[in-house]
Amino acid sequence: KGTAGAVGEIAEAVKESNARKKALPAAKEAEEEQPVKAGKHEEPAAPADTAVMDRLRSGITVGGWSLPNINILDKIAETIISDSEIEKRRDTIEEALSSYGVEAKVIEINRGPTVTQFGVEPGWDRKFREIREKDRDGNVSTRQEEVARTRVKVERINSLANDLALAQAAPSIRIEAPVPGKSMVGIEVPNTTFGSVGLRGVMESTAFQKMLAKSRLAIALGKGAGGETIVGDLAKMPHLLIAGATGSGKSVCLNSIICCLMMNNTPDAVRLVMVDPKRVELVNYNNIPHLVSPVVVDTEKAIMALRWLSAEMDIRYKRFSAGKARNIEEFNKNRQPSECMPYIIVVIDELADLMMAAFDEVEHALCRLAQLARATGIHLIVATQRPSVDVVTDLIKANFPTRMSFALTSQVDSRTIIGSAGAEKLLGRGDMLYMPQDVAKPKRLQGTMVGDAVIERLVNFWANQRRQEAQPVQFEDVAQAGADGKKPAEDELLDKARQLALESKNISASYLQRKLQIGFPRAARIMDTLKEEGFGKEKGAEKGDL
Ligand SMILES: Nc1ncnc2c1ncn2[C@@H]1O[C@H](COP(=O)(O)OP(=O)(O)O)[C@@H](O)[C@H]1O
Ligand SMILES: [Mg+2]
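Note that the structure is a prediction, hence the values are computed from the model and not measured.

What exactly am I supposed to notice about the overall build of the chain here?
From N to C terminus, the chain includes 21 helices and 18 strands. Every one of the 546 residues in the chain was classed for burial, and the buried ones make up 49%. Carbon and sulfur atoms make up 49% of the accessible area of the chain, which totals about 26,300 Å².

The following block contains the structure:
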C-alpha cells in the first residue's frame, strides 16, 4: 500500500490535536452567564443544586417546563487547515495529474472540517503534428502544431484516485465527478488535523435557526465539505436510516440528534421511544421525562414497543377524525402546549438485532409506521452496522427515503445504502455521506458531535424536571391486548383508506372502490370499519352514495 506511514502520521497528528483539546478546560460559559430568572415550574423531583440548575435554564418556559440554555453545550474550537498546506496540496494535485498525462487545473478550494475539496477543471487532450520547415539559409527546424484537442475525460481523473491518494500521502481520496451544479471534478483530500464539529456551532448558525422557526424537529447534522452548515428537518425526512461500520460514528450521530431535540423541545412536544439492544449508548437517557417508557434493551420488549406504536398510531387517527384534522399539525393548531399531541421519535440503535429476533413482524411494523408517520407525527431513526440485504431489505429501504452512511467496509454495502460507491472511502469518526430524499447524489459532511459530559449535563437538566405523576407506558399491556386477537386480521388497505378518509369529506364505499380499485364487498367492509372508528360521520354521504 505504501500509504501506511502517512496514515500513521495523520493518526499521530489527530492524537496530538485531541490531546490539546483535552488540555483546554471544558467550556465554562455556563458559569460565566448571569443566572437567568427561572419561570414558574414545579420543584425538581430529585434534589439538585438549584444554583447550577438556574444557570442552565434558558429562561424560556413552555407549559411549565423550562428549556435548557445554549450554554449547556460546549463550544468546540474548530481547526482550520492552513493556507500554506492548502497551496502545497493544490500543487501536488496538479503535478500528480500532469505526471499521468492529465491536464487539469484547480479552480476552487472548499475547506471542510475533515476534508478539503479541490475543484478541478479538466483541461485538454491535445494531438500534435511535427512540422519541418526550411528557412532561406537552408536550416531545417521543427515545430509542433496542435491538430486536434478533446476534453480530458472525467473518468480518467476518476481512475487516478489511488494514485492521487499516494501522491498526497492520504489514507483515501474520494472523487466526486462531476460536482453537482458545477463544471468541475471534486477531489476530497483528508485534512492532516481532524476537525470536530460541535452541536452548538451548528445550532447557532442561521441555517439552523431558520429551520427551527419552521419546524420543531429541526436537527443539526454537521458541516459540509466546504465548511457550510447542514441542517435537516426530521418532520420532512420523515424517517432516517443510518448505516456505518463499528466505530464509524452512528451512536455519536444518534446522540447529537437526541440532544438537539432535547435542546428545543419539552416532553409535551416531543416524546422519545429508544431501543438499544446493545445496552451501551442510549441507556444514559433513562431519566429524561421525554421517554415514553425506559430505554428498551431486550428484543422481546422492543417488538412490544413496535406493537404499542402501531396501536398509538391508530388512536391518533381516531383523534384526528374526531377533531376534524388531517394530520398532527392541523390537530395541534390553536391548542395549548400541554394539550398538543406530541411527536414521537423512535430511535433504534442496531436494527439487525431486532430483525434477527422477528424478521417478518419487525419489517412489517416498521414499514407500516413509516408509511403513515407523516400524518401521525411518528418518526423513526434507525441505525445499523450491517447493511446487508437481510437487515436493510428492499421494503425497509423503500420506506426510509433519507439515509446517512458513515464509513462502510465495502462498496457493496455503500451501494445498498446510498445507491452508489463512496462510503468505503470515508474516514470514520463522523465523516458521512448524507442522502436526503429526492436528491440524486449524496453530500459529504462531518457529523455534529456532543461530548459525554454534555449529554450528562443535559440529561440531568431534564431529569430534574421529571414529574412524579407521569407514569411510564407499559408496552406489554397494549401489545398483549393486540396479540389476544382483539383486533382480527385487518384489511391491508385499511391504512390507505384511513388516509383517504382524512383527506376527503365524502368518503363512501364506492369512493373507496374507485380509489383503491377493489370490489364492492371489500370496500363496504372497510367502510364499516372506518365508520366504527368515527370517520365520515359528519356527512352521512355514504348513504346517498350507495
Ligand atoms: N461526529 C464525530 N466527531 C468526532 N468524533 C467522532 C464523531 N463520531 C464518532 N467519533 C469518534 O468515533 C468513536 C466511535 O463512534 P461511535 O458513534 O461510537 O461508533 P458506532 O456507534 O458507529 O460504532 C467515538 O467514540 C468518537 O471518538
Ligand atoms: Mg454504536
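Continuing now.
Help me out: how do you make sense of helix H4 (residues 83-99) in this one?
Each full turn of the α-helix corresponds to 3.6 residues, which orients residues three or four apart in the same direction. Taking 1.5 Å per residue, 17 residues should reach 24 Å; H4 reaches 24 Å between its end C-alpha atoms and fits that length. All of the buried residues along H4 are Glu85, Ile86, Arg89, Ile93, Ala96 and Leu97. Looking straight down H4, one finds that the buried residues subtend no more than 100 degrees of arc, so they occupy a single side. The outward face of H4, more than 90 degrees from its buried face, is lined by the exposed residues Ser84, Lys88, Glu95 and Ser99. Against the buried residues of H4 lie strand E3 (104-111), strand E4 (115-122), helix H5 (154-158), helix H6 (161-168) and strand E8 (185-190).

I tried to follow the nonpolar core on my own but got confused; where do I start?
Among the nonpolar cores identified, the biggest contains 128 residues, and Met274, Tyr285 and Leu512 are the most heavily contacted of them. Each of domain 1 (29-78 + 195-463) and domain 3 (488-545) accounts for three or more of the residues forming this core. Judged by nonpolar contacts, the second largest core, of 22 residues, contains Val106, Ile157, Ala161 and Val189.

What am I meant to see in the site of ligand 1 here?
The environment of ligand 1 is made up of 16 residues, and the closest members are Gly247, Lys250, Ser251, Val252 and Gly447. Within the contact set of ligand 1, an oxygen atom lies 2.7 Å away from a side-chain nitrogen or oxygen of serine 251. In isolation ligand 1 offers 560 Å² of accessible surface; the protein chains occlude 75% of this area. Mapped by element, the contributors of at least two residues to the shell around ligand 1 are helix H9 (250-264) and strand E18 (443-449). Classifying every residue of the shell around ligand 1 gives 4 nonpolar, 10 polar and 2 charged.

Would you mind showing me how to read the pattern of salt bridges here?
When their charged atoms lie close together, side chains carrying opposite charge are able to pair. A full pass over the atoms with the stated rule returns 26 salt bridges. A salt bridge links arginine 126 to glutamate 146; the nearest nitrogen and oxygen atoms lie 3.3 Å apart. Note that arginine 126 is positioned in strand E5 (residues 124-134) and glutamate 146 in strand E6 (residues 140-151), a separation of 20 residues in sequence. On the basis of relative accessibility, which here comes to 31%, the residue arginine 126 falls in the partly exposed class. Overall, the relative accessible area of 35% leaves glutamate 146 in the partly exposed class. Here arginine 498 makes a salt bridge to aspartate 495, at a shortest N to O gap of 2.8 Å. Placement of both arginine 498 and aspartate 495 in helix H18 (residues 494-503) is noted, with a separation of 3 residues, approximately one turn of the helix. By relative accessible area, which is 12% here, aspartate 495 ends up buried. In this structure, a network of salt bridges that share partners links the residues Arg174, Glu176, Glu188, Asp431 and Arg444.

What counts and how
Residues numbered from 1 in each chain as written. Chains lettered and ligands numbered in written order. Predicted model: local features only at pLDDT ≥ 70, side-chain atom pairs only at ≥ 80, totals over all residues. Heavy atoms only, no water. Helix = DSSP H or I, 4+ residues; strand = E, 2+ residues; numbered from the N terminus. Buried < 20%, exposed > 50% of the residue type's maximum accessible area, 1.4 Å probe, protein only. Areas by Shrake-Rupley, 256 points an atom, 1.4 Å probe, with all protein chains shown as cover. Expected span 1.5 Å × (residues − 1). Arc of directions from axis to C-beta. Contact = heavy atoms within 4.5 Å. Core = buried A, V, L, I, M, F, W, Y, C linked by side-chain atoms within 4.5 Å. Domains from an automatic or database assignment. Near = heavy atom within 4 Å. Polar contact = N/O pair within 3.5 Å; in protein donor to acceptor, adjacent residues only side chain to side chain. Nonpolar A, V, L, I, M, F, W, Y, C, P; charged D, E, K, R; others polar. Salt bridge = Lys/Arg side-chain N within 4 Å of Asp/Glu carboxyl O.

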